[in-house]
Amino acid sequence: MVSKNISQHLSKHTLLDIITGAQMLFVAFGALVLVPLLTRLDPNVALFTAGVGTLLFQIATRGKVPVFLASSFAFIAPISYGVKMWGVASTLGGLVAAGLVFMLFAFLVKINGANIIERILPPVVTGPIIMVIGLSLAPVAVKMAMGSDIETSLPKYQLIIISMASLITTLIVAIWAKGFVKLVPIISGIIVGYSLSIWFGLVNFQPIISAPWFSLPHFSYPEFQWQAILYMIPIVIAPTIEHVGDIMAISSVTGKDYTKNPGLQRTLFGDGLATSVAGFLGGPPCITYAEVIGAVTLTRNFKTRVMTWAAIWAIVMSFVGKVGAFLASIPSVVMGGIMVLLFGSIASVGVNILVKHKVDLSISRNMCITALVLVFGIGGMVFDFGNYVLQGISLCGIAAIVLNLILPHK
């Protein structure tokens, strides 16, 4: 009788964990699939690599940190540029290398302590670089919001109505919504924009109807080209800072210091391992998700196995062919409206880093670093060395780090 009661109790808790895991995936879902949809990667592969990446992260951190890993916004512009310049395979090779840089940071933290990240990447370096990541994407977001990249007979004002409805819905949910709904602003914006797209006749349902229920994700594999690798490596700066912030945030929520146990070196290694494996399979880089940390804060459910179930749900969904077909049917104008807010938010994070850490821009070295990064990044500075071209965020990252190391502090 006692064993029966224990079994019922365990099965009840397991079922609750499974349902909560599905809820966690739902929170992350909008942002997770947005990155592959914008970068021409397969969303089903992104779901698969997010699930696998989360499981690998749990192994690396000994199952102690309740977080979910999925597509990184910081890599949207670099992936898009890399695909255009070198193709998907070489871009994936660069992403594999980016994961190895995460692991290098983990090694540095293990040898020198967590403060090494602050020494290499102080706020005066990371703030402007993150601003450039967001601002460099602004023209892409605006063009998509205006419907400039799609062929349709719809008048322009209807396309603007769709994109602005998506944007306004995302804003309203992010600011005024309560409880669980507040955690899914992107999904809310997509639902409203997609509904309007159906109303205006912009959605083609035939690919969804024709798609099979079960199909393997369309995995693709990397090629290693040094130009793509060197371009992608500096991008790791922004998600590294984001990772440290996320680990500190989840530590404050649960009351456990994960920077010490299992240690920042293990969490960074887990992020790097997940990113490299994702690159090997054709998915976007996997990093810790702030949205899911918000869900953990709201539900007060600190069980790591909930994230295990979220990962399993992601892997299972990746084999549903109609999921990918549905996501592909979302008009880019819907995404454009949401991107206006998302990319502006990335730039705002960079500003917040400068403000929060009281970076004094009246000091010449700080002003020079910030000014150079902003103008190089937004202006499109290019250093052409023949076979290798250094530009964009990679140029900004290298310039900021070098200037921070050589300019005097007084």
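Residues numbered from 1 in each chain as written. Predicted model: local features only at pLDDT ≥ 70, side-chain atom pairs only at ≥ 80, totals over all residues. Heavy atoms only, no water.

Caption draft 1: Structural context of the overall build of the protein. A count of helices and strands for the protein gives 18 helices and 4 strands. Considering only C-alpha atoms, the protein reaches an extent of 75 × 60 × 45 Å along its principal axes. Out of the 410 residues in the protein, the part that is buried amounts to 53%. The contacts of the protein with a sequence gap of at least 6 include a subset with a gap of at least 24, amounting to 82%. Mean positive and mean negative side-chain charge positions of the protein (23 and 13 charges, respectively) differ by 11 Å. (Helix = DSSP H or I, 4+ residues; strand = E, 2+ residues; numbered from the N terminus. Buried < 20%, exposed > 50% of the residue type's maximum accessible area, 1.4 Å probe, protein only. Contact = heavy atoms within 4.5 Å. Lys, Arg positive; Asp, Glu negative; His and termini not counted. Charge placed at Lys NZ, Arg CZ, Asp CG, Glu CD.)

Caption draft 2: The side chain of His 243, seen in detail. Examined against the element boundaries, His 243 turns out to sit in helix H11 (residues 237–254). A distance of 3.5 Å separates a polar atom in the side chain of His 243 from the backbone nitrogen of Leu 268. Each residue touching His 243, except ones within four places of it in the same chain, is listed here: Phe 57, Leu 264, Thr 267, Leu 268, Asp 271 and Thr 288. (Polar contact = N/O pair within 3.5 Å; in protein donor to acceptor, adjacent residues only side chain to side chain.)

Caption draft 3: Just unusual backbone geometry, in detail. Note the cis peptide between Asn 261 and Pro 262, where omega equals 15°. Structurally, the position occupied by Pro 262 is in helix H12 (residues 259–281). Phi at Arg 40 is positive, roughly 65°, even though this residue is not glycine. With respect to the secondary-structure elements, Arg 40 resides in the loop between helix H1 (2–39) and helix H2 (43–60). Taking relative accessible area as the criterion, Arg 40 reaches 72% and is therefore assigned exposed.

Caption draft 4: Quick look at the packing of helix H5 (residues 123–135) against helix H18 (residues 392–406). At a minimum axis separation of 10 Å, H5 and H18 run at an interaxial angle of 165°. When the interaxial angle is binned, H5 and H18 end up roughly antiparallel. The element H5 and its partner H18 pack so that their crossing is right-handed. Residues Val 124, Val 125, Ile 129, Val 132 and Ile 133 of H5 touch H18, and the partners they reach there are Ile 393, Cys 396, Gly 397, Ala 400, Ile 401 and Asn 404. Its residues assigned to classes, the contact of H5 with H18 comprises 9 nonpolar, 2 polar and no charged. (Axes fitted to C-alpha atoms, helices over the stretch in contact; angles between N-to-C directions. Parallel < 35°, antiparallel > 145°, perpendicular 65-115°, else oblique. Left-handed = near helix turned anticlockwise from the far one by under 90°. Nonpolar A, V, L, I, M, F, W, Y, C, P; charged D, E, K, R; others polar.)

Caption draft 5: Highlighting the environment of Ile 229. Mapped onto the elements, Ile 229 comes out in helix H10 (residues 226–232). Ile 229 has contacts with Gly 93, Gly 94, Ala 97 and Phe 224, leaving out every residue within four places of it along the chain.

Caption draft 6: Main features of helix H17 (residues 364–379). Taking 1.5 Å of rise per residue, 16 residues should cover 22 Å, and H17 covers 21 Å from first to last C-alpha, within 8% of that figure. For H17, the set of buried residues is Arg 365, Asn 366, Ile 369, Thr 370, Val 373, Phe 376 and Gly 377. Along the axis of H17, the buried positions cluster into a sector of 145°, meaning they face one direction only. Residues Val 375 and Gly 379 are exposed on H17 and point more than 90 degrees away from its buried face. Positive backbone phi, approximately 85°, marks Gly 380, located one or two places after H17. (Expected span 1.5 Å × (residues − 1). Arc of directions from axis to C-beta.)

Caption draft 7: Focus on the environment of Phe 343. For Phe 343, the position within the fold is in helix H16 (residues 332–356). In sequence terms Phe 343 and Gly 379 are 36 residues apart; their C-alpha atoms lie 17 Å from each other. Apart from residues no more than four positions distant in its own chain, Phe 343 is found in contact with Leu 38, Ile 76, Gly 134, Leu 137 and Ala 141.

Caption draft 8: Structural detail: the packing of H11 against H12. In contact at an axis separation of 11 Å, H11 and H12 are set at 145° when each is read in the N-to-C sense. As H11 runs across H12, the sense of the crossing is right-handed. In this structure, H11 uses Thr 240, His 243, Val 244, Ile 247, Met 248 and Ser 251 to contact H12, whose residues at the interface are Thr 259, Leu 264, Thr 267, Leu 268 and Asp 271. Considering only residue class, the contact of H11 with H12 consists of 5 nonpolar, 5 polar and 1 charged.

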